[in-house]
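As a plain string of letters, each chain reads:
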Amino acid sequence: MAITSYPFDNQAVTESQWSLLFRELSSGVAASSDSTAFKVTADSTGMKIKVQPGFALVRGHAVQSTAVETLPIAAADSAARTDAVVLRLDPATNGISLAVLKGTPGSSSPALTQTDTGVYEIRLAWVAVGASVTTITAEDITEARQFARTFTGSWWTSTRPTSPRLGDLGFNRTSTTWEFWDGAAWRDLAPAVSWSSVSGKPSTFPPTSHEHSWSEVTGKPGTFPPSSHGHTWDDVSGKPATYPPASHSHSWSSITSKPSTFPPSSHSHSQYLTSGSTISWANGSKRPHTNSASGSGTWYAVWVEGDGQFCRNTSSIRFKQNVRDHEIDPADVLALRPVIYDRKPTKEKPNARKNEVGLIAEEVEQHLPWLVNYHEGQVDGLRYDLLGVALLPVVQDQAARINALESRLAAIEARFGEAA
């Protein structure tokens, strides 16, 4: 018999015939695409996943789950892998079951088995199994469900499907438009667009790159003075053979072959240092130490200010005001510690001076801070010229003690002399 039709009352229908009939409805989850039917989830409670209840078609066969199913995930490998959660149709067992296909570490996810008469699998989700992990989290699940029955048909507005699913599509013969269900209402698939309804359109339209023929240009001038331009050296005619340089200057950086140092030529100075001169070195007199203190004029002690300026050391009352006694504790002076030391070498002076005698400024600061100089907020040097002022109270104190002792001694001698 060449023509077979089914199913009808009192007629036996085989599994193959039912499968052939229903496979015309595509395989997939039979629900709205925003539903949780057969949705795969994870909750970070170990190496396992959960699959929500649902109804699906797999190559013309139906499967229904009415409770949440928990599936184990194989232990993680040393390298990451991707597993696949599937619905598997197996005609040999007359059933459709949930299964996890283990992926190959470091490779892509496993391929599905989809035969015409044997095993047929549809994917529900991918599971990312990290290297050596011990739990599966929600972030490890990637949605991969496919959905059956995205309804396509034709109707009038009054006969639209009463229970549409998200994505259902059909031709409305009343409005002669294609429309789809967006989960809340039927929407025109290709609505008519007018210029006024277009959003985000620019207010101006700059012309794209194009050309015009010379005859199309209006308002062009009768003459064309040349614009700024250049010529190659070979194009210049009547150029001179030589070019004497005009008055000009060069920056120091542009001079080549300049020496690295500039020894001074023979010269002299009318006087070595004039009043008010400022020098970068302030390390004492440059005159020979054998120079005698003879000659006309007055000799002064010299101070060097912080900016390197020399000035004479003055002490006259005419330069002073608010004069008052300065109390100095002789014990502070007697606490000072004379030391002998070596200067630290520097790059400029690797052979620094040795066996110098003096005081340590930080130690002096603890007793007589007014003798200490500071530079950039740090202890730097000492006012050795004021050390004599600090010694005066010590000498005066000792002189007073000596006078007192001499008076007592004289009194004792007088007393014993009378007794004799």
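## Some details on the overall build of the protein
Piece 1. If you tally the helices and strands in the protein, you get four helices and 20 strands.
Piece 2. For the protein, the proportion of its 420 residues judged to be buried stands at 20%.
Piece 3. In the protein, 46% of the contacts between residues at least 6 apart in sequence involve partners at least 24 apart.
Piece 4. With the model as given, the accessible surface of the protein reaches about 31500 Å², and the carbon-plus-sulfur share is 54%.

## So, the pattern of salt bridges
Piece 1. By the definition in use, this model includes 14 salt bridges.
Piece 2. Notably, a salt bridge pairs Arg145 with Glu143, separated by 2.7 Å at the nearest N-O pair.
Piece 3. Arg145 gets classed as buried once you look at its relative accessible area, which sits at 11%.
Piece 4. For Arg383, the salt bridge identified is with Asp385, shortest N-O distance 2.9 Å.
Piece 5. Classification of Arg383 by relative accessible area gives partly exposed; the value is 23%.
Piece 6. One network of salt bridges, with partners in common, ties together Asp77, Arg81, Asp83 and Lys102.

## Considering the sheet that holds strand E3 (residues 48–51)
Strand pairing within a sheet occurs via backbone hydrogen bonds; the two strands may be parallel or antiparallel.
Piece 1. Within the open sheet, the three strands sit side by side as E2-E3-E6. Their pairing is antiparallel. Strand pairing shows two members of the sheet lacking a second neighbour, strand E2 (40–41) and strand E6 (69–72), which therefore form its edges.

## Observations concerning the sheet that holds strand E5 (residues 61–65)
Piece 1. Pairing is antiparallel in the open sheet, where three strands are placed in the order E1-E4-E5. Edge positions in the open sheet fall to strand E1 (28–29) and E5, since each of these has one partner strand only.

## Things to note about the packing of aromatic side chains
Piece 1. Throughout the structure, instances matching the rule amount to six aromatic pairs.
Piece 2. Taken together, a centroid distance of 6.2 Å and an interplanar angle of 45 degrees make the contact between Trp195 and Phe205 tilted. Highlighted residues: Trp195 in the loop between strand E14 (186–188) and strand E15 (302–304) and Phe205 in the loop between E14 and E15, separated in sequence by ten residues.
Piece 3. Given a relative accessible area of 55%, Trp195 falls into the exposed group.
Piece 4. Seen from the ring of Trp214, Lys220 lies directly overhead, with NZ or CZ sitting 5.1 Å from the centre.

## Focus: the nonpolar core
Piece 1. Counting 26 residues, the largest nonpolar core has Ile49, Leu87 and Ile136 as its most contacted members.
Piece 2. Broken down by secondary-structure element, the contributors of at least two residues to this core are E3, strand E4 (54–58), strand E7 (81–90) and strand E9 (120–129).
Piece 3. If you look at the next biggest cluster of nonpolar residues, it comprises twelve residues, including Ala361, Leu368, Val372 and Leu382.

## Digging into a nonpolar patch on the surface
Piece 1. There is a patch of nonpolar side chains on the surface, built from Val193, Trp195, Val198 and Phe205 and spanning about 450 Å² of accessible area.
Piece 2. Relative accessible area serves as the criterion here: at 55%, Phe205 is assigned to the exposed category.

## Re unusual backbone geometry
Piece 1. In the Ramachandran plot, Arg59 falls in the positive-phi region, its phi being about 45 degrees despite a non-glycine side chain.
Piece 2. With respect to the element layout, Arg59 can be found in the loop between E4 and E5.

## So, the environment of Thr159
Piece 1. Looking at the secondary structure, you find Thr159 in the loop between strand E11 (152–155) and strand E12 (169–172).
Piece 2. Residue classification places Thr159 among the partly exposed positions, given a relative accessible area of 45%.

## Remarks on the pairing of E5
Piece 1. Side chains His61, Val63 and Ser65 of E5 all project onto a buried face; the interleaved residues Ala62 and Gln64 project onto a face where none is buried.
Piece 2. In this structure, E4 lies alongside E5, joined through five bridges in antiparallel fashion. When the bridges of E5 are listed, Phe55 appears paired with Gln64.
Piece 3. Taken together, E4 and the strand that follows it, E5, pair antiparallel across an intervening segment of two residues, in which Arg59 is found at a positive phi of about 45 degrees.

## Some remarks on the environment of Val339
Piece 1. Mapped onto the fold, Val339 is located in strand E17 (residues 339–341).
Piece 2. Leaving out residues up to four positions away in the same chain, Val339 has contacts with Glu356, Val357, Gly358, Leu359 and Ile360.

## What about the confidence of the model for the protein?
Piece 1. Averaged over every residue, the pLDDT of the protein is 84; the share at 70 or more is 88%.
Piece 2. Per-element mean pLDDT across the protein ranges from 72 in E11 up to 97 in E3.
Piece 3. Note that pLDDT drops below 50 for residues 270–292; the model gives that stretch 18 contacts with residues more than four away or on any other chain.

Procedures and definitions
Numbering of residues begins from 1 in every chain and follows the order in which that chain's sequence is written. Side-chain atom pairs in this predicted model are given and counted only at pLDDT of 80 or more, local residue features only at pLDDT of at least 70, and totals for whole chains, interfaces and linings cover all residues. As a convention, hydrogens and water are excluded, and side-chain values are obtained from all of the structure's heavy atoms. Think of it this way: any DSSP run of H or I at least four residues long counts as a helix, any run of E at least two long counts as a strand, and we number them from the N terminus. Exposure classes here rest on a 1.4 Å probe applied to the protein chains alone. A residue is buried below 20% of its type maximum, exposed above 50%, and partly exposed in between. For this analysis, residues touch if any pair of their heavy atoms sits within 4.5 Å. Every accessible area reported is derived by Shrake-Rupley at a probe size of 1.4 Å, with residue values counting cover from the shown protein chains alone. Think of a salt bridge as a Lys or Arg side-chain nitrogen and an Asp or Glu carboxyl oxygen that are within 4 Å of each other. Here, any two strands with at least 2 DSSP bridges between them count as paired. Two aromatic rings from Phe, Tyr or Trp, using only the six-membered ring of Trp, form a pair when their centres are within 6.5 Å; if the ring planes differ by under 30 degrees the pair is stacked, by over 60 it is edge-to-face, and anything between is tilted. The rule is short: NZ of Lys or CZ of Arg within 6 Å of the ring centre and within 35 degrees of the ring normal puts a charge over the ring. By convention a nonpolar core is built from buried Ala, Val, Leu, Ile, Met, Phe, Trp, Tyr and Cys residues, the set being connected through side-chain atoms within 4.5 Å. Residues forming no salt bridge and having over 30% relative accessible area are the ones grouped into patches, like charges within 9 Å of each other and nonpolar side chains (Val, Leu, Ile, Met, Phe, Trp, Tyr) within 5 Å. Note on scores: pLDDT gives the predictor's confidence for each residue, bounded by 0 and 100.

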